[in-house]
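Structure at a glance
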Amino acid sequence: MSTDETGQDGAEAPGGTGETQGPAPSGDAGRALVQLVAPAGERVSHPEFDLWVKDITDEQLCSLYEDMTVIRRIDVEATALQRQGELALWPPLLGQEAAQIGSGRSLRSDDFVFSSYRENGVAYCRGVDLTDLLRVWRGNASGGWDPYAINMATPQIIIGAQTLHATGYAMGIQNDGADSVAVTYFGDGATSEGDVNEAMVFAASFQAPVVFFCTNNHWAISEPVRLQSHIQLADRAAGFGIPSLRVDGNDVLAVMAATRVALDRARRGGGPTFIEAVTYRMGPHTTADDPTRYRDANELEDWAAKDPISRVAALLERKGLLTPELEEQVGNTADAVAREMRKGCTGMPDPEPMDVFKHVYSTPNSWLDRQQDHYARYLASFGDPEGAVSDEGAR
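The sections below set out a description of the structure shown in this document. All figures in this text were calculated on a predicted structure; none of them were measured in a lab. (Residues numbered from 1 in each chain as written. Predicted model: local features only at pLDDT ≥ 70, side-chain atom pairs only at ≥ 80, totals over all residues. Heavy atoms only, no water.)

Examining the packing of aromatic side chains
Counting across every chain of the model gives 15 aromatic pairs. Ring centres of W219 and Y294 lie 5.3 Å apart, and the angle between their planes is 50 degrees; on these two criteria the pair is classed as tilted. Taken as a pair, W219 in strand β4 (residues 219-220) and Y294 in the loop between β7 (273-278) and α11 (297-304) lie far apart in primary sequence, 75 residues in all. A relative accessible area of 22% means that Y294 is categorised as partly exposed. (Phe/Tyr/Trp six-rings, centres within 6.5 Å; stacked < 30°, edge-to-face > 60°. Helix = DSSP H or I, 4+ residues; strand = E, 2+ residues; numbered from the N terminus. Buried < 20%, exposed > 50% of the residue type's maximum accessible area, 1.4 Å probe, protein only.)

Encoded structure:
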């Protein structure tokens, strides 16, 4: 489902002059979250943001519910695969489904995504092959997919580095005269990294068409966000001259509205926008983490009451759309996706020893050829030379 037309039935955004459009970003500390759906499922009216999602039909709302359910099922299945020894590691997204689906389904196909390692839901929206989603975590490849096939870079493990890549790409978009947008995802912890701040300096200086999407899930591994910042993260953007929005990250419609505002501003030449999506990491940082060592169980219980999928389900129920047929269809789709992903994972062939030399450089060179030759002869010394001495590798 693509929902990033104008968000307004083709009408020009408020202001109507082709300059920076959408709700005016606030610079006031302590601003309230943008919220369109309350935790109990009530539709909250917002005079500035309602029109950005007024085109969302009941069918599309059901589709958003399905997307969120599917990516949670993907997450649960991948976590099980890791616990069963099929994956080396997995970074769960439990609780952050609305932030990823609401933003991911707002993008156009020609927009380009630069994400961290947790945006598996965004990758699902971009159409990534389910097997490719797991290649890195199984240790079978250095990167999971061809970035240009889905206009999404492979996940960045180095915290915050993807923001620089996104800003550079956005400056390239400017040079090309296109109206596509670069979108970069990062967590609250990444805002303390130099790369993120440097990216924002360049983005502001050159008014690059880039959206900085900060998923504030309250924890940078074991470090709480309140320790990293004594102001709201969205308010940091003002120091760079970048407008910002602070949105309820567990509200899929609010996230979609905020993302559309930012995309529209970028497409019109209004430069970058910083979005802080306030959500919560319900699971561990990765499957190697034990959050019970540093997190209060009461905090987890409080956020469970704000669950993003339950919120959409409650909205659908209020609208008379949450039928047994819909629930069965969504459940079957989620289970089918999980089966396909598990089959792709367990059937993934092990890489050949010489594959380590593939994709190091775009073309072979003597330095790499020499290493490949030495390694092939080393493998052959074990008496099992089959496939060791190969013409492939650095090709």
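Quick notes on the packing of helix α1 (residues 58-83) against helix α10 (residues 252-267)
Interaxial distance between α1 and α10 falls to 11 Å at its minimum, and their mutual angle equals 105 degrees. It follows from the interaxial angle that α1 and α10 lie roughly perpendicular. Taking contact as the criterion, the partners of L61, L64 and M68 in α1 are, on α10, V252, L253 and M256. When its residues are assigned to classes, the contact of α1 with α10 shows 6 nonpolar, no polar and no charged. (Axes fitted to C-alpha atoms, helices over the stretch in contact; angles between N-to-C directions. Parallel < 35°, antiparallel > 145°, perpendicular 65-115°, else oblique. Contact = heavy atoms within 4.5 Å. Nonpolar A, V, L, I, M, F, W, Y, C, P; charged D, E, K, R; others polar.)

So, the nonpolar core
Side chains of a nonpolar character, in soluble globular proteins, are inclined to be buried together. With 72 residues, the main nonpolar core has Y65, L134, L253 and L316 as its most contacted residues. Counting residues in each nonpolar core, the second largest holds 22 residues, with F112, A190, M200 and C214 among its members. (Core = buried A, V, L, I, M, F, W, Y, C linked by side-chain atoms within 4.5 Å.)

Quick word on the sheet that holds strand β1 (residues 112-114)
An order of β1-β2-β3-β7-β6 is seen for the 5 strands of this open sheet, with the pairing classed as parallel. Because the sheet does not close on itself, it has two edges, and the strands there are β1 and β6 (244-248). Neighbour-to-neighbour, the strand axes of this sheet turn through a mean angle of 20 degrees, independent of strand direction. Strand contacts of helix α6 (residues 161-176): β1, β2 (182-187) and β3 (210-216), with the helix running at about 170 degrees to β2, the strand carrying the most contacts. Against the sheet, helix α7 (residues 194-206) engages β2, β3 and β7, with an angle of about 150 degrees to β3. (Pairing = 2+ DSSP bridges.)

What about the side chain of N250?
Note that N250 resides in the loop between β6 and α10. Judged by relative accessible area, which is 2%, N250 ranks as buried. Within the local environment of N250, its side chain forms a polar contact with the side chain of T279, the two groups lying 2.6 Å apart. At 2.9 Å, the side chain of N250 and the backbone oxygen of K306 are in polar contact. With residues up to four places along the chain from it excluded, the contact list for N250 reads G95, A98, V278, T279, Y280, W303, K306, P308 and R311. (Polar contact = N/O pair within 3.5 Å; in protein donor to acceptor, adjacent residues only side chain to side chain.)

Structural notes on the pairing of β6
Looking along a regular strand, one sees side chains alternate from face to face of the sheet. With 5 of its 5 residues buried, β6 lies for the most part within the structure. As paired elements, β6 and β7 share 5 bridges and run parallel to each other. Across the sheet, S244 pairs through a bridge with F274, a residue of β7. Taking the sense of rotation as the criterion, the β-α-β connection linking β6, α10 and β7 turns out right-handed. (Right-handed = clockwise from strand over helix to strand, strands pointing away.)

Points about a nonpolar patch on the surface
A surface patch of nonpolar side chains, about 290 Å² in accessible area, is lined by V201, F202 and F206. Along the polypeptide, F206 turns up in helix α7. Taking relative accessible area as the criterion, F206 reaches 44% and is therefore assigned partly exposed. (Patch = residues over 30% accessible without salt bridge, like charges linked within 9 Å, V, L, I, M, F, W, Y side chains within 5 Å. Areas by Shrake-Rupley, 256 points an atom, 1.4 Å probe, with all protein chains shown as cover. Salt bridge = Lys/Arg side-chain N within 4 Å of Asp/Glu carboxyl O.)

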